[in-house]
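Residues per chain are reported as follows:
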Amino acid sequence: MNLNLPSKITKISSNFLHQKQVDIFIKRDDVIHPIISGNKWRKLKYNFQAASDEGCDKILSFGGVFSNHLHALSYACNYFGFGSIGVVRDTHAKKETPTLSFCKKNKMKLYYLDRNQYRQKKSIQTINLLRKKFGKFYLIPEGGNNLLGIKGCQEIFDEIDIDYDYLCSPVGTGCTAAGLIKGMKNNKKFIGFAPFTKTIEQSENIKNFCDFQLYNNWELISDIHFGGFGKIDSNLIKFVRRFKSDFNMELDLIYTGKLFYSLFNMIKNDAFDKRTKILVIHTGGLQGLNGFNFSYS
Ligand SMILES: *Cc1c(COP(=O)(O)O)cnc(C)c1O
């Protein structure tokens, strides 16, 4: 597979940032690969290795109907010759999203669980049911959120050759955040932008992987959800369009758009000292734009 690694780091500049004397650098993980973009490759890499070491020829994972994770997983499985099963949190009455059509095109088998069942996805009963139905498979948790996913995300530090004060990234499950928090030097601070109304699960997940006694130079910010996960409004759309014309860079509406919207607000409100250097991981997610009847034109 042709991967654009190490991904480049670009600095964005504008009058606003210049006035505020804040530097923003963006690690362009969105351009690692046209399909398996952003943090998805980093989280899958060692899981694929493990699946192959364990002699599994099928990989099963979980996600919602717009899941960037299932999207990337289906493509990678097809490419590397694994069978794939996507267990889908079905909230849209089986109306197929472009994401799920893409998964099917990559020969992913889809299996739907209703919201209640999906909440029990880690239970032994559910796993047994899936084993009975699909036989032997390698299981990747939702969002690639396991130790191997974290290990892959930690590797990002091998590719960073600039100095910075703050490291920022969007937060879904918190897997990427955990990798970044673990790998970061402790004179830096991590800010995770979590586009949810509540972030208890994400915090717990990060603390699960990163002992809070050792790793406490991080915080999650969640006042940027626009009404909840996946919710958008015209201000956000306007912001993302403006970002594209100002910096020639696309953002998705679920994660990276909300991150920069929030970060720019913080800068506007002087949340950072002068001469602060901020490094943002662009985690990709641009396929999700297909899910909205939305175009930049
Ligand atoms: C999947 C995804 C995330 C969430 O990553 P986690 O490791 O689950 O926290 C963030 N941003 C984008 C664009 C994603 O596709």
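Everything here concerns the structure above.
Residues numbered from 1 in each chain as written. Predicted model: local features only at pLDDT ≥ 70, side-chain atom pairs only at ≥ 80, totals over all residues. Heavy atoms only, no water.

**Student:** Which residues make up the overall build of the protein, and what values go with them?
**Tutor:** A count of helices and strands for the protein gives 11 helices and 10 strands. Whereas a compact globule of 297 residues would reach a radius of gyration of roughly 19 Å, the protein reaches 19 Å, a difference of no more than 12%. C-alpha extents for the protein along the principal axes are approximately 60 × 45 × 35 Å. Long-range contacts, defined here as pairs at least 24 residues apart, represent 74% of the contacts in the protein between residues at least 6 apart. (Helix = DSSP H or I, 4+ residues; strand = E, 2+ residues; numbered from the N terminus. Rg over C-alpha atoms; globule rule 2.2 N^0.38 Å. Contact = heavy atoms within 4.5 Å.)

**Student:** Go over the site of the ligand with me, naming the residues and quoting the values.
**Tutor:** Close to the ligand lie 15 residues, the nearest being Lys40, Asn68, Gly172, Thr173 and Thr176. Within the side chain of Asn39, an N or O atom sits 3.0 Å from an oxygen atom of the ligand. In the environment of the ligand, an oxygen atom lies 2.7 Å from a nitrogen or oxygen atom belonging to the side chain of Lys43. When the ligand sits alone it has 390 Å² of accessible area, and the protein chains cover 97% of it. Elements supplying a minimum of two residues to the shell around the ligand: helix H2 (39-53) and helix H8 (175-183). Sorting elements by how many residues they give to the shell around the ligand places H2 first, with 3 residues. Among the residues forming the shell around the ligand, the class breakdown is 4 nonpolar, 9 polar and 2 charged. (Near = heavy atom within 4 Å. Polar contact = N/O pair within 3.5 Å; in protein donor to acceptor, adjacent residues only side chain to side chain. Areas by Shrake-Rupley, 256 points an atom, 1.4 Å probe, with all protein chains shown as cover. Nonpolar A, V, L, I, M, F, W, Y, C, P; charged D, E, K, R; others polar.)

**Student:** Pulling in residues and values, what's your account of the layout of surface pockets?
**Tutor:** The calculated volume of the second largest pocket comes to roughly 400 Å³. Around the second largest pocket, the lining comprises 13 residues; the ones closest to its centre are Phe239, Arg242, Asp246, Phe264 and Lys268. Secondary-structure elements contributing two or more residues to the lining of the second largest pocket are helix H10 (234-247) and helix H11 (256-268). Looking at the lining of the second largest pocket element by element, the count peaks at 7 residues for H10. Tallied by class, residues from the lining of the second largest pocket come to 6 nonpolar, 3 polar and 4 charged. (1 Å grid on protein atoms, 1.4 Å probe; cavity = no way out; pocket = protein on both sides within 12 Å on 5 of 7 lines; lining within 4 Å. Points joined across faces, edges and corners; volume = space filled by probe spheres on them.)

**Student:** Let's hear about empty space enclosed by the protein: which residues, and what values?
**Tutor:** Using the criterion set out here, one finds 1 cavity of 30 Å³ or more in the structure. Of the pockets and cavities examined, the largest cavity occupies roughly 40 Å³. Forming the walls of the largest cavity are Asp29, Asn39, Arg42, Cys153, Ile156, Thr176, Leu180, Ile281 and Thr283. Elements supplying a minimum of two residues to the lining of the largest cavity: H2 and H8. For the lining of the largest cavity, the class distribution of residues is 4 nonpolar, 3 polar and 2 charged.

**Student:** I'd love a proper account of the pairing of strand S8 (residues 189-193), names of residues and values included.
**Tutor:** Burial within S8 is extensive, with 4 of its 5 residues counted as buried. Bridging between strand S7 (residues 166-170) and S8 involves 5 bridges; their strand directions are parallel. Note that in S8 the partner of Cys168 across the bridge is Ile191. Taking the sense of rotation as the criterion, the β-α-β connection linking S7, H8 and S8 turns out right-handed. Note that S8 and strand S9 (residues 218-221) share 4 bridges and pair parallel. Considered in S9, the bridge of Phe193 is made with Ile221. One crossover worth recording links S8 to the parallel S9 by way of helix H9 (residues 200-209), and it is right-handed. (Buried < 20%, exposed > 50% of the residue type's maximum accessible area, 1.4 Å probe, protein only. Pairing = 2+ DSSP bridges. Right-handed = clockwise from strand over helix to strand, strands pointing away.)

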